[in-house]
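So you can see what is in the structure, the chains are spelled out below.
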Amino acid sequence: MWLPNSAALLGLFLWQQPFTPPPLPSSLETMPAEFALKATPEVLSPQAMLTLPRPGAPLPNPAGDLALIPVSRYSFDDRKSHKSLAITPITAGSTPYELPLPDGGELFWLDDRTIAHVIETGADKEKKQEMFTIPVTFTGSGISVGQSVSIGSLPVTTAADFRYAYDAGRLVFSAYVHADGDLNLVKENDKNYENRGNTALIYDETFERQWDTWVGPKHKSLFTVKLFKHFHHGTFVLGDDFTNVLKGTTLSSPVEPFGGTDDFDVSGSQIIFTAKDPELPKAIHTKQNIYLVGLDGSNLTELTSGVHGATHAPVFNHQSKKVAWLQLDEDGHESDRAKVVIRDLEKDVSFTITQDWDRSPSALAFSKNGEFIYLVAEDIARVKIFTLPIPPTPSKSTAHPTLAPPYNTPVALTDTHTVSGLQVLSDGRLVFALSSLMSPNDAYVIGNLQQVEADILRNAASPVKAELGQITDFSATSLQGKYLHPGEDFWFKGAEHNIHGWILTPPGYKPTDVKKWPVVLLIHGGPEGCWADSWSTRWNPNVFANQGYVVVAINPTGSTSFGQNLTEGIKGDWGGKPFVDLRNGWKYVLENYPQIDPERAVAAGASYGGYAINWIQGNPEFGFGFKALVCHDGVFDTTYNGYATDELFFFNHEWGGRPWDEESFALSRKYSPAYTVKKWSTPELIIHGSKDYRLPESDGLAVWHALQQLGVPSRLVIFPDENHWVLNAGNSLKWHHEVFKWFDEFVGENASVRLRN
């Protein structure tokens, strides 16, 4: 256990002893109003970051030569997000054709040269979603698009998650419906509900609310409808006979609040999907089952069985003879290790192929020939693509098949940054989005997989490396000349494991500097998450560095991407091992980076990171010596959170029982910041979203009230329209302004003068 020397410790306790309350609650109205964010051209300021292009993942056409990439750009001039569609050749160094989308909407391919565009049309009660086709011409001279043509409409405004089964001529999508499951009656049912004469919401079971929404009378379901190319005039026609393939069941898919097209896949005749187990209380259990159903709603079949947790990312192979999905073993444990299950549909056999691989994939895709499966998984604070040959189907279903090389160890195809949106092209290449600490998403392609996979199959000692080609460069112009740090890895000994962290240094930083730079410790949420080599518009380490701070971001016990043992180590120990790790990491940084001024240290965190801020507040003996803290949507009382959060299973897993059970009650109270308030003394900024039902704003208000009554300098920022995240660009800019203004008051260049005065 590290403790600072006695002189430093004395100074720390002098700083962190509770203040004598003043006659009136501490107010910050006297704080200087002239603070301004650094925003010169070379600085990645919050505003510059928020106005960068935000590209989505590439969606390839059936031919594999073009991809659609949705792009949004926020403008502070008119306070609007401007959407467009980039259509790009899937070759390295391509120049996309950009199509403005003033009405937004969803887009997907119907064939090699036809895009479907679904937008909301009509006014008031007559609103609907209309589908248009956009013809694309792609020649040696470039890309162009023709006039859009309306081909039909959907009688609702909630249709989303479109997947088109071309060979079957059927469109699959999700939409919200009432208990009758009838898409055509949604408007009438909505009207009756709105005119019921009261606003009461009545519940007999959980979920009553989830994430940021009170649950109403509607649920998500999957629909199919004819969408075919007319034989004579060659135009597409959208039918009007909608089939709810889940009608008559109590199933709902995609799974809310975040499920989308990753929760189902389509073949020429079937849909595979995941849904919450209909027999279990949804807020208490994570168990999801995998189902197959015909495109016409026939032959609904469950593929999973027995005891298990959540399932994710179901996919067909291109031959429609096998499917795969991700499955977690433990019900109630959302961060359990995800394992890949293969189901041979012809032999009716399921088998797990990554039982012994200590990583947790988040997405899957079969190779074009069906011989390999591609996995997207976190690994050492990166998100990589791995490939694994599919072994022969065993004689019977098993979670523990005997697998010899090369079938037992996935091979990484990428080695850095963060991959998302993986897609397999018709010619066997892979296309995906890649972001990093230095750049938002761009589209990339891997094209030499035949060589790589041939080497894997023959167990080559040094298989050929995958060759990445960058297709787009959306942010190059905007980021040109700006200071961007790639992030420096560091490692140190933690409570039980070697622990990883990132260091980012500010513009002007020199190795010869001595105690020159203020430092911020960023603590991630989850707690099962990690600081990764990825871009973020909410907690962006380079934005903090560009405001003049050395940034320290540590991945302590509980973090993902370093093996399941580290992830599981936080269970029942929120205030234990993670803080040994954070303290050891802090000591390592101060000993190895003399450029840092330890008297100008601050810390910030959100969610579990906000809990950590409040736990540090009540444990001055940790010796961090922070001069100011920022808590965003953090936990005040861990025990109370077990009653108030939307997902009750989370507390029950983290603390080993319900909040009133003897052991979990004792553990959660032991590590609850609420019982350390008498030791609070460090100035703290509290930020909370009123629509945060994961960690309700009462936690933030409790922290605020405690600090105000103690007379500790504090400030409360409430965003009435935000949830667990701050998503509105204007609110985000305000968030950054308040955070850096708070830090500047206590560790800025003139902070000591202001504090003396």
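Residues numbered from 1 in each chain as written. Predicted model: local features only at pLDDT ≥ 70, side-chain atom pairs only at ≥ 80, totals over all residues. Heavy atoms only, no water.

Visitor: Provide a residue-level description of the overall build of the protein chain, including the pertinent values.
Guide: The secondary structure content of the protein chain amounts to 15 helices and 41 strands. Whereas a compact globule of 757 residues would reach a radius of gyration of roughly 27 Å, the protein chain reaches 27 Å, a difference of no more than 12%. Projecting the C-alpha coordinates of the protein chain onto the three principal axes gives extents of approximately 85 × 70 × 55 Å. Within the protein chain, the proportion of its 757 residues that are buried is 57%. Within the protein chain, residue pairs in contact and separated by at least 24 positions form 63% of the contacts whose partners lie at least 6 positions apart. For the protein chain, the accessible area works out to roughly 31,700 Å², and carbon and sulfur atoms hold 51% of it. Taking the 62 positively charged and 87 negatively charged side chains of the protein chain as two groups, their mean positions are separated by 3 Å. (Helix = DSSP H or I, 4+ residues; strand = E, 2+ residues; numbered from the N terminus. Rg over C-alpha atoms; globule rule 2.2 N^0.38 Å. Buried < 20%, exposed > 50% of the residue type's maximum accessible area, 1.4 Å probe, protein only. Contact = heavy atoms within 4.5 Å. Areas by Shrake-Rupley, 256 points an atom, 1.4 Å probe, with all protein chains shown as cover. Lys, Arg positive; Asp, Glu negative; His and termini not counted. Charge placed at Lys NZ, Arg CZ, Asp CG, Glu CD.)

Visitor: Please provide a residue-by-residue account of the packing of aromatic side chains, values included.
Guide: Tallying each qualifying case throughout the model produces 42 aromatic pairs. Between Tyr 509 and Trp 517, the aromatic rings sit 6.4 Å apart at their centres with planes inclined by 40 degrees, giving tilted as the arrangement. Judged by centre distance (6.3 Å) and plane angle (90 degrees), the ring pair of Phe 622 and Phe 624 falls under edge-to-face. By the burial criterion, Phe 622 is buried, and Phe 624 matches it. One aromatic cluster is present, built from ring pairs that chain together Trp 574, Tyr 608, Tyr 611, Trp 615, Phe 650, Phe 651, Trp 655 and Tyr 671. Between Arg 163 and the ring centre of Phe 264, over which it is positioned, the NZ or CZ distance is 5.6 Å. Over the face of the ring belonging to Tyr 675 we find Arg 669, whose NZ or CZ atom lies 4.1 Å from the ring centre. (Phe/Tyr/Trp six-rings, centres within 6.5 Å; stacked < 30°, edge-to-face > 60°. Lys NZ or Arg CZ within 6 Å of the ring centre and 35° of its normal.)

Visitor: Now, about the layout of surface pockets: what can you tell me, with residues and values included?
Guide: In this structure, the second largest pocket occupies an estimated 1,500 Å³ of space. Surrounding the second largest pocket, 47 residues form its lining, Val 215, Gly 216, Lys 218, His 219 and Glu 256 being those nearest its centre. Elements with a minimum of two residues in the lining of the second largest pocket: strand S12 (170-177), strand S14 (213-214) and strand S15 (219-229). Looking at the lining of the second largest pocket, the element that brings in the most residues is S15, giving three residues. Residues that form the lining of the second largest pocket fall into these classes: 21 nonpolar, 15 polar and 11 charged. (1 Å grid on protein atoms, 1.4 Å probe; cavity = no way out; pocket = protein on both sides within 12 Å on 5 of 7 lines; lining within 4 Å. Points joined across faces, edges and corners; volume = space filled by probe spheres on them. Nonpolar A, V, L, I, M, F, W, Y, C, P; charged D, E, K, R; others polar.)

Visitor: For the sheet that holds strand S23 (residues 322-328), give the residues involved together with the corresponding values.
Guide: Spatial strand order, S22-S23-S24-S25: four strands in an open sheet with antiparallel pairing. In this open sheet, the two strands that pair with only one neighbour each are strand S22 (311-316) and strand S25 (349-352). With direction set aside, neighbouring strand axes in the sheet form an average angle of 20 degrees. Across seven bridges, S23 lies against strand S24 (residues 338-344) in antiparallel orientation. Counted as the bridge partner of Trp 325 is Val 341 from S24. (Pairing = 2+ DSSP bridges. Axes fitted to C-alpha atoms, helices over the stretch in contact; angles between N-to-C directions.)

Visitor: Break down the nonpolar core for me, citing the residues and quoting the values.
Guide: In this structure, Leu 44, Leu 521, Phe 544, Val 552, Phe 579, Phe 626 and Phe 743 are the most contacted members of the largest nonpolar core, which totals 85 residues. Among the elements that take part in this core, helix H14 (residues 729-747) stands out by supplying eight residues, more than any other. Once residues within four sequence positions are removed from consideration, Phe 743 is found in contact with Val 520, Phe 544, Tyr 549, Val 602, Ala 603, Ala 604, Ala 628, Val 630 and Gly 748. Of all hydrophobic cores here, the second largest spans 23 residues; its members include Met 131, Phe 162, Leu 183 and Val 186. (Core = buried A, V, L, I, M, F, W, Y, C linked by side-chain atoms within 4.5 Å.)

Visitor: Talk me through a nonpolar patch on the surface; I want residue IDs and the actual numbers.
Guide: A contiguous nonpolar surface patch, about 370 Å² in accessible area, is contributed by Tyr 640, Tyr 643 and Trp 660. With respect to the helices, strands and loops of the structure, Tyr 640 is situated in helix H10 (residues 638-644). (Patch = residues over 30% accessible without salt bridge, like charges linked within 9 Å, V, L, I, M, F, W, Y side chains within 5 Å. Salt bridge = Lys/Arg side-chain N within 4 Å of Asp/Glu carboxyl O.)

Visitor: Break down the sheet that holds strand S40 (residues 684-689) for me, citing the residues and quoting the values.
Guide: Read from one edge of the open sheet, eight strands run S34-S35-S37-S36-S38-S39-S40-S41, paired in mixed fashion. Each edge of the sheet is formed by a strand with only one pairing partner; in this case those strands are strand S34 (488-493) and strand S41 (714-719). On average, each strand axis in the sheet is tilted by 20 degrees relative to the strand beside it, whichever way the strands run. Both strand S39 (residues 628-632) and S40 contribute to a ladder of four bridges, which runs parallel. By the bridge assignment, Leu 629 is partnered in S40 with Glu 684.

Visitor: Hey, could you go over the pattern of salt bridges for me, with residue numbers and the actual values?
Guide: This model, assessed by the stated rule, comprises 24 salt bridges. With a shortest N-O distance of 2.6 Å, Lys 339 and Asp 329 are connected by a salt bridge. Note that Lys 339 is positioned in strand S24 and Asp 329 in the loop between S23 and S24, a separation of 10 residues in sequence. By relative accessible area, Lys 339 is classed as buried at 7%. With relative accessibility at 40%, the residue Asp 329 sits in the partly exposed group. Between Lys 384 and Asp 379 there is a salt bridge, with its nearest N and O atoms 2.8 Å apart. Comparing Lys 384 with Asp 379 shows no difference in burial state: the two are buried.

Visitor: Give me the pairing of S24: which residues, what numbers.
Guide: Among the seven residues in S24, seven count as buried, and that is most of the element. The alternating pattern of S24 places Ala 338, Val 340, Ile 342 and Asp 344 on one face and Lys 339, Val 341 and Arg 343 on the opposite face, and all of these are buried. Two strands pair when backbone bridges link them, and S24 and S25 are joined in this way by four bridges, in the antiparallel orientation. Along S25, the bridge assignment pairs Val 341 with Thr 352. Once S24 ends, the chain turns through four residues before running back antiparallel as S25, passing Asp 348 with a positive phi of about 60 degrees.

Visitor: Any chance you could break down the pairing of strand S38 (residues 596-606) for me, citing the residues and the numbers?
Guide: Of all the 11 residues making up S38, nine are buried; the element is thus mostly covered by neighbouring parts of the structure. The pairing of S38 with S39 spans five bridges and is parallel. Each bridged residue has a counterpart across the sheet, and for Ala 603 the counterpart in S39 is Leu 629. The parallel pair S38 and S39 is bridged by helix H9 (residues 608-617), and the resulting crossover is right-handed. (Right-handed = clockwise from strand over helix to strand, strands pointing away.)

Visitor: Now, about the environment of Glu 279: what can you tell me, with residues and values included?
Guide: Within the secondary structure layout, Glu 279 lies in the loop between strand S19 (270-276) and strand S20 (288-294). Taking the C-alpha atoms as reference points, Glu 279 and Gly 501, separated by 222 residues in sequence, lie 42 Å from one another.

Visitor: So what's going on with the environment of Asn 731? Residues and values would help.
Guide: For Asn 731, the position within the fold is in helix H14. Once the C-alpha coordinates of Asn 731 and Pro 394 are considered, the two residues, 337 residues apart in sequence, prove to be 55 Å apart. If near-sequence neighbours (up to four positions away) are discounted, Asn 731 is found in contact with Phe 719, Asp 721, Glu 722 and Val 726. Engagement of the side chain of Asn 731 in a polar contact is seen with the side chain of Glu 722, the distance being 2.8 Å. (Polar contact = N/O pair within 3.5 Å; in protein donor to acceptor, adjacent residues only side chain to side chain.)

Visitor: Go over empty space enclosed by the protein, please, and point to the residues and values.
Guide: Over the atoms, a rolling probe the size of a water molecule traces out where space has been left empty. All told, the structure shown has one cavity of 30 Å³ or more when counted by the stated rule. Lining the largest cavity are Gly 332, His 333, Glu 334, Ser 335, Glu 528, Phe 649, Phe 650, His 653 and Glu 654.

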